[in-house]
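# Understanding the architecture of this molecule
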Protein chains: 2
Amino acid sequence: MTYAAPVEEMAATLKAAAGLERAVADGLYGDLTVEDVTAVLEEAARFAGDVIAPLNRPGDAAGTPLENGVVTLPAAHREAYKAWAEAGWNALPGPEEFGGQGLPLVVSVACTEMWNAASMAFSLGPLLTIGAVEALEKHGSDELKERYLAKLVSGEWMGTMNLTEPQAGSDLAALRAKAERAGDGTYLITGTKIFITYGEHDLTDNIVHLVLARLPDAPAGTRGISLFLVPKILPDGSRNDLRCSGIEHKLGIHGSPTCTMSYGDDGGATGWLIGEENRGLACMFTMMNNARLNVGIQGVAIAERAYQGALAYAKERRQGRAPGASGPGMSPIIEHPDIRRMLLTMKAQTAASRAICYRTAAALDRARLAGDPAERERAAAQGALLTPVAKAYSTDIGVEVASLGIQVHGGMGFIEETGAAQHLRDSRIAPIYEGTNGIQAIDLVTRKLPLAGGEAVRAEIASMRATVRALMNKGEVFGMTAARLRDAVESLDRATSFLQRALAGNDPTAALAGATPYLRLFGLASGGTLLAEIALAAGADEAGAARIALCRFFAENIAVGAAGLEASVVDGGGFAVDAALALAS
Amino acid sequence: MTYAAPVEEMAATLKAAAGLERAVADGLYGDLTVEDVTAVLEEAARFAGDVIAPLNRPGDAAGTPLENGVVTLPAAHREAYKAWAEAGWNALPGPEEFGGQGLPLVVSVACTEMWNAASMAFSLGPLLTIGAVEALEKHGSDELKERYLAKLVSGEWMGTMNLTEPQAGSDLAALRAKAERAGDGTYLITGTKIFITYGEHDLTDNIVHLVLARLPDAPAGTRGISLFLVPKILPDGSRNDLRCSGIEHKLGIHGSPTCTMSYGDDGGATGWLIGEENRGLACMFTMMNNARLNVGIQGVAIAERAYQGALAYAKERRQGRAPGASGPGMSPIIEHPDIRRMLLTMKAQTAASRAICYRTAAALDRARLAGDPAERERAAAQGALLTPVAKAYSTDIGVEVASLGIQVHGGMGFIEETGAAQHLRDSRIAPIYEGTNGIQAIDLVTRKLPLAGGEAVRAEIASMRATVRALMNKGEVFGMTAARLRDAVESLDRATSFLQRALAGNDPTAALAGATPYLRLFGLASGGTLLAEIALAAGADEAGAARIALCRFFAENIAVGAAGLEASVVDGGGFAVDAALALAS
């Protein structure tokens, strides 16, 4: 039921899979040292374990009741949020100009992992605020920045993202919310938005809503959408014309209010334009890569929490006798080979997802901070390529690992008080929001594979091949790791070529139909080789041996799925023709 | 939100995958005709869709509150149960001598699929009653049979199974409930049982508990366990000394009461011995194969219901434009290749699981009803071999398909009122109860592979190979089906040989560690070839083309995972040594 952040493992991943030492040596992070990073992680781990983790079960049980437009969160949640913001955690990734600490993304995502592992429901509000800060910082007027940024950075106020409407989910072109020019430079916003995370709550005095809406003379489709800042409390202290008109009853994240927001029931909510008119979607997209990475991190986080719970249970619970058990009585179930396989699968998949996410963060950091423009461009392409993999692979793993966590608990896993079931319920949203995993896969195939004329994906595969070469002749302790990972990388390479040909040959159906297995294949090859990097960098001590064992387990038991995925990608086009037929009968 | 049983598909599966026509021709089922079977299925489909399916969401919301020892189910549930039993559905599989219809298992499992697809929570009570009937019929005294069987068969009373105690879940050797001889032929039962499905409720006037307990002079371990019949209401009409002392808050099946049962708080509950003293576990095992098959069917059922919900949503919901879409506006999401892949995966896995379960039922029927003793023996071995596959593969698929069903719904899938989330919550218990899926895999490897000197598994693989041969040169419409299924079957064959050698060479760790991927591999090869049998038997019409497309999708996109699973089984032994290490760090 508790959570202790695996700081050593996180640090090792930052070093071996995300190149932390090289980035520091390159001067990317100013005077930040590797030791500074570790110190931050240790401090965050304490806060996450001591203050946030205990909120998780009670918050799930309490929910977020709505009464007369007011959403009430548990008092413990309010207090923890206040302490968390006051300790400066909300400001960690924020721009220094507005009171933030301006720490790099690699540090921020590691902390984000901890907050979400401690309580995903608690951490969702701050995640949305980060997005609002980014959009405002990049596209807001000086006046808006002056008025809102410092308070959003400190966490005194929180932010939201209002995109979805009943008829406009994945397809924002269908968006109908309206904005009319008020004549004084402000706009009057009307419309209904659904699925608004932390749309209303009692954690902060003000809530800063970013709302997508259409001007009367806007062109149809996505080129006619503008972004507005619509605060709950107006600058003069009066209440804006917006309210929470409903709260969803969800499968999970019960501690995070998911609101239906009504704008302009009394004539129009006052909003300020962010960026240019009709360019709202571009403003959203600038922040979307980071938001997607942060959702990927949620998958890692839930997986880690579920793993820790299952591991603790498996050490304590005794049933039956394991093969070769000595001494009297029942064995701890962790000694049963099948339970061990489940725990190893959980740990290896969690570690692989983490490595992919951290590597993505490092690329996005380099894209922003490197001195050389060509290097920034290369890193930006790498970050863009890896982001959908980080989001979709990690959140799929979050669900799978949470489900395995229930299985390790046996009958107790199905009982809510154990906490294992909550992880599955909470995890299930992450493959859906911030772009469904199907959309991530399509993004990867149709937009990211062509990046830099295909050079981005070629470079990533080349890096995986270098890892495979480094594994050769590393001795028996690696078992079949090198061969299994080589096969996975070559499967990825062939599947990539197939998809590039399909795209070039204007066979979008085949490319789209193979997108999801292709993304999974990418994750296997990337995750496996990154675990190998971590194992190769490890010392000759027990922790090092453990990292080798984990990497080997992944290669021999999980990466072996690569060939089947390749077959599915390459033959995937064939089925789409017959598909309607099979579904119609 | 609704459910219409796929009667045609079920009938086609009974014919092609479960050999219904041959069984009828062989006279196994008396004067029952294939038309009779179809008529029963159609009637059951009507009842399941019209009466039971509407209970599913409200029952989930209402739960089963416990107050002063009384568990109350929704009035609609009580009425539906009464109508269901009065229509004779409870008596369908029961022995004719006690008012049952004595229909074969193949018919019973198809109906069980419908009841569970309509409402798993509703159907669990009757499933437990079937188990009680079997145990009583096979092992009960004439007096007990006379007193209880007819009422359990008709459904006037319901039955329960009381095995689990806090310290005794998968390992019944640790069981502590006590039974003392009262001196008048009855026994006094004391102890606490947990996770008792339908342990208390207001559907019937009496509840017949079957309880495992130990006599004072019983040997330790599983050879000292006896089985008792302990009715809620004693034959003289007075209340027995037992009560429901708690109700679990579970992830799913909220409409099914999961009770903590306290026996003998006031001195001892009166019980009657079933079978011989200390032979209780053997009594339980005689009914366990059928119970496991019925749980496998629950996986198929939930998968089918989730598929129907997702399919209906995908036809209706419009977002974006599918490749090649004509006409104005957004496309139904079913036209997007990635959504189509998810729906096809759902349908293909559901159909494969169904085929495995029905084939298992047919084997168990033949084992009981064939005239030739050698044939009965062969069929019994086949049924025993397939039962763990039917249970574990199908229930894993139930969870996976329910999860995909949420994904197809996008954000709406996470909202409880849609119903998709409930399927995931409900499905998640099936891989756990009636022997966890890990235990099923171990049973398959350690007890079932050696059956008949290995002949049972060899015969099953030979049958798969025959299907592959029949697929050769069947034309382009089958695509790579034959090659993919051949590869899967040969992977299964090699993995089988590996495990048999490991068992013979006394390397139980390697065999146990590979059990779970082996079972999955078995399911892929078996499910794929059975779908091929259904496709080969189909007509040259549209429905036939649809069956070919589905089989081809399974072969090209799902069965291709076989090679990776084989690798995991065969190299599985290696990791177990390093495992503790990786988990300790």
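Residues numbered from 1 in each chain as written. Chains lettered and ligands numbered in written order. Predicted model: local features only at pLDDT ≥ 70, side-chain atom pairs only at ≥ 80, totals over all residues. Heavy atoms only, no water.

The name that an unreviewed UniProt entry assigns to chain A is 3-methylmercaptopropionyl-CoA dehydrogenase, with the source organism given as Enterovirga rhinocerotis. UniProt lists a comment for chain A under the heading Sequence similarities (unreviewed entry), and it reads "Belongs to the acyl-CoA dehydrogenase family." Per UniProt, the comment on chain A under Catalytic activity (unreviewed entry) is "3-(methylsulfanyl)propanoyl-CoA + oxidized [electron-transfer flavoprotein] + H(+) = 3-(methylsulfanyl)acryloyl-CoA + reduced [electron-transfer flavoprotein]". (UniProt positions renumbered as here; feature names shortened; annotations may be inferred.)

### Quick notes on the interface of chain B and chain A
Taken together, the contact pairs 87 residues of chain B with 87 residues of chain A. Buried surface at the junction of chain B and chain A, both sides included, amounts to about 7,000 Å², of which 63% is carbon and sulfur. Across the contact surface, chain B and chain A share two salt bridges. Our count for the chain B to chain A interface comes out at 34 residue pairs in polar contact (both at pLDDT 80 or more). Of the residues forming the side of chain B that touches chain A, the biggest block, ten residues, is contributed by helix α20 (residues 572-584) of chain B. Tallied by class, residues from the side of chain B that touches chain A come to 45 nonpolar, 23 polar and 19 charged. (Contact = heavy atoms within 4.5 Å. Buried area = accessible area lost by both parts, 1.4 Å probe. Salt bridge = Lys/Arg side-chain N within 4 Å of Asp/Glu carboxyl O. Polar contact = N/O pair within 3.5 Å; in protein donor to acceptor, adjacent residues only side chain to side chain. Helix = DSSP H or I, 4+ residues; strand = E, 2+ residues; numbered from the N terminus. Nonpolar A, V, L, I, M, F, W, Y, C, P; charged D, E, K, R; others polar.)

### Overview of the packing of helix α6 (residues 105-118) of chain B against helix α7 (residues 120-139) of chain B
Residues and elements named next belong to chain B. Their axes nearest at 6 Å, the elements α6 and α7 cross at an angle of 140°. One element, α6, and the other, α7, form an angle in the oblique class. Mapping the contact onto sequence places Thr112, Trp115, Asn116 and Ala118 in α6 and Met120, Ser123 and Leu127 in α7. A class-by-class count of the residues in the contact of α6 with α7 yields four nonpolar, three polar and no charged. (Axes fitted to C-alpha atoms, helices over the stretch in contact; angles between N-to-C directions. Parallel < 35°, antiparallel > 145°, perpendicular 65-115°, else oblique.)

### Thoughts on the relation of the copies chain B and chain A
Superposing chain B onto chain A takes a rotation of 180° combined with a translation of 0.0 Å along the rotation axis, leaving an RMSD of 0.0 Å. Seen this way, the second copy is the image of the first under a two-fold rotation axis. Across chain B, the rotation axis passes nearest the C-alpha of Gly561(B), at a separation of 3.1 Å. (Least-squares fit on C-alpha atoms with pLDDT ≥ 70 in both.)

### Re the packing of aromatic side chains
Taken as a whole and judged by the stated rule, the model has 18 aromatic pairs over all chains. Where Phe47(B) meets Trp115(B), the ring centres are 6.4 Å apart and the plane angle is 90°; that geometry is what we call edge-to-face. Taken together, the residues Phe47(B) in helix α3 (residues 34-52) and Trp115(B) in helix α6 connect sequence positions 68 residues apart. Accessibility expressed as a relative area gives 13% for Phe47(B), which makes it buried. The interplanar angle of 35° and the centroid separation of 6.0 Å between the aromatic rings of Tyr81(B) and Trp84(B) together place this pair among those described as tilted. Of the two residues, Tyr81(B) and Trp84(B) both sit in helix α5 (residues 75-86), three residues apart, roughly one turn of that helix. In terms of burial, Tyr81(B) and Trp84(B) fall into one category: buried. Through a chain of ring-to-ring contacts, the aromatic side chains of Phe47(A), Tyr81(A), Trp84(A), Trp89(A), Trp115(A) and Phe122(A) assemble into a single cluster. Geometry around Trp272(A) places Arg147(A) over its ring, the cationic atom sitting 5.1 Å from the centre. (Phe/Tyr/Trp six-rings, centres within 6.5 Å; stacked < 30°, edge-to-face > 60°. Buried < 20%, exposed > 50% of the residue type's maximum accessible area, 1.4 Å probe, protein only. Lys NZ or Arg CZ within 6 Å of the ring centre and 35° of its normal.)

### A few points about α3(B)
Residues and elements named next belong to chain B. Its 19 residues place the ends of α3 26 Å apart at the C-alpha level, agreeing with the 27 Å of an ideal helix rising 1.5 Å per residue. Every buried residue belonging to α3 is among Val34, Val37, Val40, Leu41, Ala44, Ala45, Phe47, Ala48, Gly49 and Ile52, and all of these are buried. Packing partners of the buried residues in α3 comprise α1 (7-16), α2 (20-25), α4 (56-62), α5, α6 and α7. (Expected span 1.5 Å × (residues − 1).)

### Some words on the pairing of strand β10 (residues 269-274) of chain A
All names here are of chain A. In terms of burial, β10 is largely enclosed, as six of its six residues are buried. Of the two faces of β10, the one carrying Ala269, Gly271 and Leu273 and the one carrying Thr270, Trp272 and Ile274 are both buried. The pairing of strand β5 (residues 187-197) with β10 spans three bridges and is classified as antiparallel. When the bridges of β10 are listed, leucine 188 appears paired with threonine 270. Judged from the three bridges that link them, strand β7 (residues 226-231) and β10 form a sheet pairing that is antiparallel. Paired with leucine 229 across the bridge in β10 is tryptophan 272. (Pairing = 2+ DSSP bridges.)

### A closer look at the pairing of strand β9 (residues 258-263) of chain B
All names here are of chain B. A large share of β9 lies buried, amounting to six of its six residues. Of the two faces of β9, the one carrying Thr258, Thr260 and Ser262 and the one carrying Cys259, Met261 and Tyr263 are both buried. Bridging between strand β5 (residues 187-197) and β9 involves five bridges; their strand directions are antiparallel. Within β9, the position partnered with threonine 197 by the bridge is threonine 258.

### What about the packing of helix α14 (residues 455-471) of chain B against helix α17 (residues 515-537) of chain B?
Residue and element names in this part refer to chain B. Axis separation between α14 and α17 bottoms out at 9 Å; the angle between their running directions is 45°. One finds that α14 runs oblique with respect to α17. For the crossing formed where α14 meets α17, the hand is left-handed. Residue-level inspection shows Val457, Glu460, Met464, Thr467, Val468, Ala470 and Leu471 of α14 in contact with α17, the latter providing Tyr518, Phe522, Ala525, Ser526, Thr529, Ala532, Glu533 and Leu536. Grouping the constituent residues of the contact of α14 with α17 by class yields ten nonpolar, three polar and two charged. (Left-handed = near helix turned anticlockwise from the far one by under 90°.)

### Side note on the domain arrangement of chain A
When its domains are assigned, chain A resolves into domain 1 (7-154), domain 2 (158-280) and domain 3 (450-585). Computed from C-alpha coordinates alone, the two centres of domain 2 of chain A and domain 3 of chain A are separated by 41 Å. (Domains from an automatic or database assignment.)

### Description of helix α18 (residues 542-557) of chain A
Residues and elements named next belong to chain A. Taking 1.5 Å of rise per residue, 16 residues should cover 22 Å, and α18 covers 22 Å from first to last C-alpha, within 8% of that figure. Most of α18 is tucked away, with twelve of its 16 residues classed as buried. Restricting attention to buried positions, one finds in α18 the residues Gly544, Ala546, Ile548, Ala549, Leu550, Cys551, Arg552, Phe553, Phe554, Ala555, Glu556 and Asn557.

### Re unusual backbone geometry
One non-glycine residue, Ala452(A), lies in the positive phi region at around 50°. Along the chain, the position of Ala452(A) falls in the loop between α13 (437-448) and α14 (455-471). Classification of Ala452(A) as exposed rests on a relative accessible area of 55%. Phi is positive for Glu434(B), which is not a glycine, with a value near 60°. Classification of Glu434(B) by relative accessible area gives partly exposed; the value is 26%.

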